Amino acid sequence: MKKTLILFIGTSIVFHACKNNTTETQQNTPYTIDMAQLFEDAKQTPEFKWNSLAERVDLIPLPQTDRILTWLTVQGLNDEGKALLVSIADGTIAVVDIKTGELVSSFNRVGRAGNEYLMPFSQILNARIYENEIYVHDEALKRLQVYDLSGKYLRSVNIKTDDRISTFDIIDKHTFMLTQVPLPSSDENIIPSNFILMVDDNGDTIRSYFPLKFEHAPIMMQSCDCPFIYDEGVLVPGGHIGNDTMYMITAKEIHPFLITDFGKRGEIRKREFEGVDDVTFDDVYWPFYFGYYKDMLFSRLIYLEKRYTSIWEKDQLLAFKEGGFACDLPGGGSVELYEGTILGNKLIAPVEAHKLVGIVDGVTENDNPFLVIVTLKE
């Protein structure tokens, strides 16, 4: 039973240098965040609210649709203020103009046809918006499906690789960053040939990375499913065991950006996942990062079946509490935000309508979710 559980969660991999040489320069030296204090002496800050970081807060109701949109994740925002929402329940994709509140489109193309996409087996459907196009990752068929903002199919980018593609992000219209993670199996673990793959709009490999060449190599796990845009590139977390290195990837280079150090607890977890038989899960932890803005890292942590949220300003803990931080709404009332994504200078968090009944006038449980948009201070 223990062995099966280990295989399900992920497999440790020791990274080796790939054929493309990339060096770690002085200016790219990463800094370290001491995550171990979250388990030890960090004091929670229950009074902290998103408003303390906000220039303004907006509450946007999503217009009515044929079916209520549920279990929404925010996966992108273009320069024109169009936010990309994806339902993890059924793969429905919605585009919302956060400036006007208009629902630009809502569509579902789940299927096997050439203009459709399959739902992934074990993770959230990944999609991105770039300029006025939507890119959807079809994990099973190893392709990116491209649609316009109305949901009209435009083209496919067929990825030429034998490895499993876990997720992707967009560097520019002609360059895509893909992460490849192990495929756990009770028979044989499938090990990818590269950790990160850069491909062009034909699906051909531009370059690949396998980062043990760096001083701070990650343990490879499924947490790499959560890359996010920052500055002129993409930040990609490694595995969250021991020292977790986050890499900055641009069209031309990759370098370590920051390290989240879980101390002795992390080293114990690392050894356990390297194949020790007597693994115990009474002290397991799972961190997930949901954005970076102006030297601030935004992180969630699942520990002992509880959820926590933390914000770090460089290497200093700014705020930390069980659950999510509260946010005072512009019309009065307050709501706790646990789910959400940092996109540029905005936190965009979907809130189910039933959580706003009695807080916002006229809201019923049959309404579509709302978006809370926190515009962060410059």
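Throughout this description, residue numbers start from 1 for each chain and increase along the sequence as written. Per-residue local features are limited, in this predicted model, to residues with pLDDT of at least 70; the limit for side-chain atom pairs, both in listing and counting, is 80 or more; totals at the level of whole chains, interfaces and linings are taken over all residues. Hydrogens are left out, water is left out, and the side-chain values use all remaining heavy atoms of the structure.

Comments concerning the overall build of the protein
Then step 1. From N to C terminus, the protein includes two helices and 27 strands.
Then step 2. Considering only contacts within the protein whose residues lie at least 6 apart along the sequence, 54% involve residues at least 24 apart.
Then step 3. Note on areas: Shrake-Rupley with a 1.4 Å probe; residue coverage comes only from the protein chains shown. Summed over all atoms, the accessible surface of the protein reaches about 17,200 Å², with 48% contributed by carbon and sulfur. Only DSSP runs of H or I reaching four residues or more are called helices, and only runs of E reaching two or more are called strands; each is numbered from the N terminus. Contacts were defined at the residue level, with two residues in contact if any of their heavy atoms lie within 4.5 Å.

Here we look at the sheet that holds strand E21 (residues 306–313)
Then step 1. Strand order in this open sheet of four strands is E19-E20-E21-E22, and the pairing throughout is antiparallel. Pairing within the sheet leaves two strands with one partner each, and these edge strands are strand E19 (285–293) and strand E22 (316–322). This sheet shows a mean twist of 20 degrees between the axes of neighbouring strands, independent of strand direction. For two strands to pair, DSSP has to find at least two bridges joining them. Between the N-to-C directions of two axes lies an angle of 0 to 180 degrees, each axis being a line fitted to C-alpha atoms and, for a helix, fitted only over the stretch in contact.

So, the pairing of strand E16 (residues 233–237)
Then step 1. Of all five residues that make up E16, five are buried, and the element is covered over most of its length.
Then step 2. Where strand E15 (residues 228–230) meets E16, three bridges bridge the pair, whose relative direction is antiparallel. In the strand pairing of E16, Tyr230 is matched with Gly233.
Then step 3. Adjacent in sequence and paired antiparallel, E15 and E16 are bridged by two residues, among which Asp231 carries a positive phi angle near 60 degrees. Any residue under 20% of the maximum accessible area for its type is buried, any over 50% is exposed, and the rest in between are partly exposed; the area is computed with a 1.4 Å probe on protein chains only.

Side note on the sheet that holds strand E14 (residues 205–209)
Then step 1. Ordered in space as E11-E12-E13-E14, the four strands form an open sheet in which the pairing is antiparallel. Looking along the sheet, the strands with just one partner apiece sit at the ends: strand E11 (165–172) and E14. Between one strand and the next, the sheet's axes are offset by a mean angle of 20 degrees, whatever the strand orientation.
Then step 2. Strand direction decides the pairing type here: E11 and strand E12 (residues 175–180), joined by six bridges, are antiparallel. When the bridges of E12 are listed, Asp169 appears paired with Met177.

Thoughts on the environment of Ile311
Then step 1. Here Ile311 shows up in strand E21.
Then step 2. For Ile311, a relative accessible area of 0% puts it in the buried group.
Then step 3. As a C-alpha pair, Ile311 and Phe298 span 13 residues in sequence and 4.8 Å in three-dimensional space.
Then step 4. With sequence-adjacent residues up to four places away left out, Ile311 is seen in contact with Phe48, Trp50, Leu53, Met296, Leu297, Phe298, Gln316, Leu317, Leu318, Ala319 and Phe325.

Here's the deal with the pairing of E14
Then step 1. With four bridges joining them, strand E13 (residues 196–200) and E14 adopt antiparallel strand pairing. Looking across to E14, one finds that Ile196 is bridged to Tyr209.
Then step 2. Linking E13 back to E14 in an antiparallel pair, the connection comprises four residues, with Gly203 at a positive phi of about 85 degrees.

Some details on a nonpolar patch on the surface
Then step 1. Residues Trp71, Ile88 and Ile124 make up a contiguous nonpolar surface patch of about 310 Å² in total accessible area.
Then step 2. Looking at the element boundaries, Trp71 is found in the loop between strand E2 (54–61) and strand E3 (72–77). Residues enter patches when they are more than 30% accessible in relative terms and free of salt bridges; like-charged ones are connected within 9 Å and nonpolar ones (Val, Leu, Ile, Met, Phe, Trp, Tyr) within 5 Å. A carboxyl oxygen of Asp or Glu within 4 Å of a side-chain nitrogen of Lys or Arg is what we treat as a salt bridge.

Quick word on the packing of aromatic side chains
Then step 1. Ring geometry is summarised as follows: Phe, Tyr and Trp rings, the Trp one being its six-membered ring, pair when their centres sit within 6.5 Å, and such pairs are stacked at plane angles under 30 degrees, edge-to-face over 60 and tilted between the two. What the rule picks out here adds up to 15 aromatic pairs.
Then step 2. Pairing Phe48 with Phe325 gives two aromatic rings, centres 4.9 Å apart and planes at 70 degrees, and the pair type is edge-to-face. Of the two residues, Phe48 is situated in the loop between strand E1 (31–34) and E2 and Phe325 in strand E23 (residues 325–328); the sequence distance between them amounts to 277 residues. An identical accessibility class is assigned to Phe48 and Phe325; each is buried.
Then step 3. Considering the side-chain rings of Tyr135 and Phe176, the 5.5 Å spacing of their centres and the 55 degrees angle between planes classify their relative orientation as tilted. Remark: Phe176 occurs in strand E12 and Tyr135 occurs in strand E8 (residues 133–138); sequence separation between them is 41 residues. Neither Tyr135 nor Phe176 differs from the other in exposure class; each is buried.
Then step 4. The ring of Phe290 carries the charged tip of Arg300 above its face, separated from the ring centre by 3.9 Å. By definition, being over a ring means that NZ of Lys or CZ of Arg is both within 6 Å of the ring centre and within 35 degrees of the ring normal.

Considering the side chain of Asn368
Then step 1. Mapped onto the fold, Asn368 is located in the loop between strand E26 (346–351) and strand E27 (370–376).
Then step 2. Classification of Asn368 as buried rests on a relative accessible area of 1%.
Then step 3. A polar contact of 2.7 Å, which involves the side chain of Asn368, links it to the backbone oxygen of Pro63.
Then step 4. Polar contacts here mean pairs of N or O atoms no more than 3.5 Å apart (in protein, one a potential hydrogen donor and the other a potential acceptor; neighbouring residues in sequence count only if both atoms are side-chain atoms). Only 3.0 Å separates the side chain of Asn368 from the side chain of Thr65, close enough to count as a polar contact.

Quick word on unusual backbone geometry
Then step 1. The backbone of Lys142 sits at a positive phi, close to 50 degrees, despite the residue not being glycine.
Then step 2. Note on placement: Lys142 falls in the loop between E8 and strand E9 (143–148).
Then step 3. The phi dihedral of Lys294 is positive, around 45 degrees, even though this residue is not glycine.
Then step 4. With relative accessibility at 44%, the residue Lys294 sits in the partly exposed group.

Some points on the confidence of the model for the protein
Then step 1. Along the chain, pLDDT gives the predictor's confidence residue by residue, from 0 to 100. Averaged over all residues, the pLDDT of the protein equals 83, while 80% of them reach at least 70.
Then step 2. Within the model, pLDDT remains below 50 along residues 1–26, and this stretch shows 67 contacts once partners closer than five positions in the same chain are excluded.
Then step 3. Of the regions scoring below 50 in pLDDT, residues 211–223 engages in 71 contacts with residues more than four places distant in sequence or in other chains.

Concerning the nonpolar core
Then step 1. Take the buried residues of types Ala, Val, Leu, Ile, Met, Phe, Trp, Tyr and Cys, join any two whose side-chain atoms come within 4.5 Å, and each joined set is a nonpolar core. Membership of the largest hydrophobic core comes to 27 residues, with the highest contact counts inside it found for Trp50, Leu53, Phe298, Ile311, Leu337, Val372 and Val374.
Then step 2. Looking at this core, the elements with two or more residues in it are E2, E19, strand E20 (296–303), E23, strand E24 (334–337), E26 and E27.
Then step 3. Broken down by element, this core gets its largest block of residues, four residues, from E27.
Then step 4. Beyond its immediate chain neighbours, meaning those up to four positions away, Val372 contacts Val57, Asp58, Leu59, Cys327, Leu329, Val335, Leu337, Leu347, Ile348, Ala349 and Val351.
Then step 5. Phe39, Phe228, Tyr285 and Phe320 belong to the second-largest nonpolar core, a separate cluster that totals 23 residues.

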